[in-house]
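As a plain string of letters, each chain reads:
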Amino acid sequence: MFRVVYELMLRGLPEEVECVGRLWATLNSGGRCVGTHTTFVCSLRGCLVKLAPQVVRPQYIQEIPQVGTLRALVEGQDPESLVEVASVVYRTLRECGVLVKLVPE
């Protein structure tokens, strides 16, 4: 099993919540998702995508307070499918301004 882990740093802006909802819609349009638009599990192209809040103490990134962190986990058996799905997750979130960071497992 291969795995990619992203941390999403949120400042609490409505646009960020809308962006996470857009990710859910994107994944659901090509696969199948269960959960809410901010906490969900999706299956897409043989990969599993899990998004859930992560409990961390508030941080400051570039002088902007971070009020929430979500962790997006992409898992799959096929490396090519995993990279393709991880790219969809990253691109969807970055296009609407969410700070996305690749982190070690």
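Residues numbered from 1 in each chain as written. Predicted model: local features only at pLDDT ≥ 70, side-chain atom pairs only at ≥ 80, totals over all residues. Heavy atoms only, no water.

(A) Inspection of unusual backbone geometry at higher detail. We note that Arg-45 has phi near 50 degrees; this positive angle belongs to a residue other than glycine. Note on placement: Arg-45 falls in the loop between β3 (40-44) and β4 (47-54). For Arg-45, a relative accessible area of 44% puts it in the partly exposed group. (Helix = DSSP H or I, 4+ residues; strand = E, 2+ residues; numbered from the N terminus. Buried < 20%, exposed > 50% of the residue type's maximum accessible area, 1.4 Å probe, protein only.)

(B) The arrangement of the nonpolar core in detail. Within the largest apolar cluster, 27 residues are counted, with the highest numbers of intra-cluster contacts made by Tyr-6, Leu-8, Leu-27, Val-74, Val-89 and Leu-93. With six residues, helix α2 (residues 79-95) is the single largest residue contributor to this core. Sequence-distant contacts of Leu-8, defined by excluding residues within four places in its chain, comprise Val-20, Leu-51, Gly-68, Thr-69, Leu-70, Ala-72, Leu-93, Val-98 and Leu-99. (Core = buried A, V, L, I, M, F, W, Y, C linked by side-chain atoms within 4.5 Å. Contact = heavy atoms within 4.5 Å.)

(C) How the structure looks around the packing of aromatic side chains. In total, this model carries one aromatic pair according to the counting rule given. Both rings, one in Tyr-6 and one in Tyr-90, keep their centres 5.9 Å apart while their planes meet at 40 degrees; by these two values the pair is tilted. Taken together, the residues span a long stretch of sequence, with Tyr-6 in strand β1 (residues 2-10) and Tyr-90 in helix α2 at a distance of 84 residues. (Phe/Tyr/Trp six-rings, centres within 6.5 Å; stacked < 30°, edge-to-face > 60°.)

(D) Main features of the packing of helix α1 (residues 14-30) against α2. Relative orientation of the contacting elements α1 and α2 amounts to 145 degrees, with a least axis distance of 9 Å. As α1 runs across α2, the sense of the crossing is right-handed. From α1, Cys-19, Val-20, Arg-22, Leu-23, Thr-26 and Leu-27 reach across to α2, where they touch Val-88, Val-89, Thr-92 and Leu-93. Among the residues forming the contact of α1 with α2, the class breakdown is seven nonpolar, two polar and one charged. (Axes fitted to C-alpha atoms, helices over the stretch in contact; angles between N-to-C directions. Left-handed = near helix turned anticlockwise from the far one by under 90°. Nonpolar A, V, L, I, M, F, W, Y, C, P; charged D, E, K, R; others polar.)

(E) Just α2, in detail. If you check α2, its first and last C-alpha atoms are 24 Å apart, about what 17 residues at 1.5 Å a residue would give, namely 24 Å. Within α2, the full set of buried residues consists of Ser-81, Leu-82, Val-85, Ala-86, Val-88, Val-89, Thr-92 and Leu-93. Along the axis of α2, the buried positions cluster into a sector of 150 degrees, meaning they face one direction only. Across from the buried face of α2, at angles greater than 90 degrees, the exposed residues are Glu-80, Val-83 and Glu-95. Residues of α2 that are buried in the fold lie against β1, α1, β3, β4, β7 (68-76) and β8 (99-103). (Expected span 1.5 Å × (residues − 1). Arc of directions from axis to C-beta.)

(F) Structural context of the state of the cysteines. The full count for this structure, using the stated rule, is two disulfides. Linked covalently through their sulfurs, Cys-19 and Cys-96 form a disulfide whose S-S length is 1.7 Å. The chirality of the disulfide connecting Cys-19 with Cys-96 is right-handed, given an S-S dihedral of about 50 degrees. You can see Cys-19 sitting in helix α1 and its partner Cys-96 sitting in the loop between α2 and β8, a full 77 residues away along the chain. Each of the two residues, Cys-19 as well as Cys-96, counts as buried. Through a disulfide, Cys-33 is tied to Cys-42; the S-S separation comes to 1.9 Å. What sets the handedness of the Cys-33 and Cys-42 disulfide is the S-S torsion sign, and at about 110 degrees it is right-handed. (Disulfide = S-S within 2.5 Å.)

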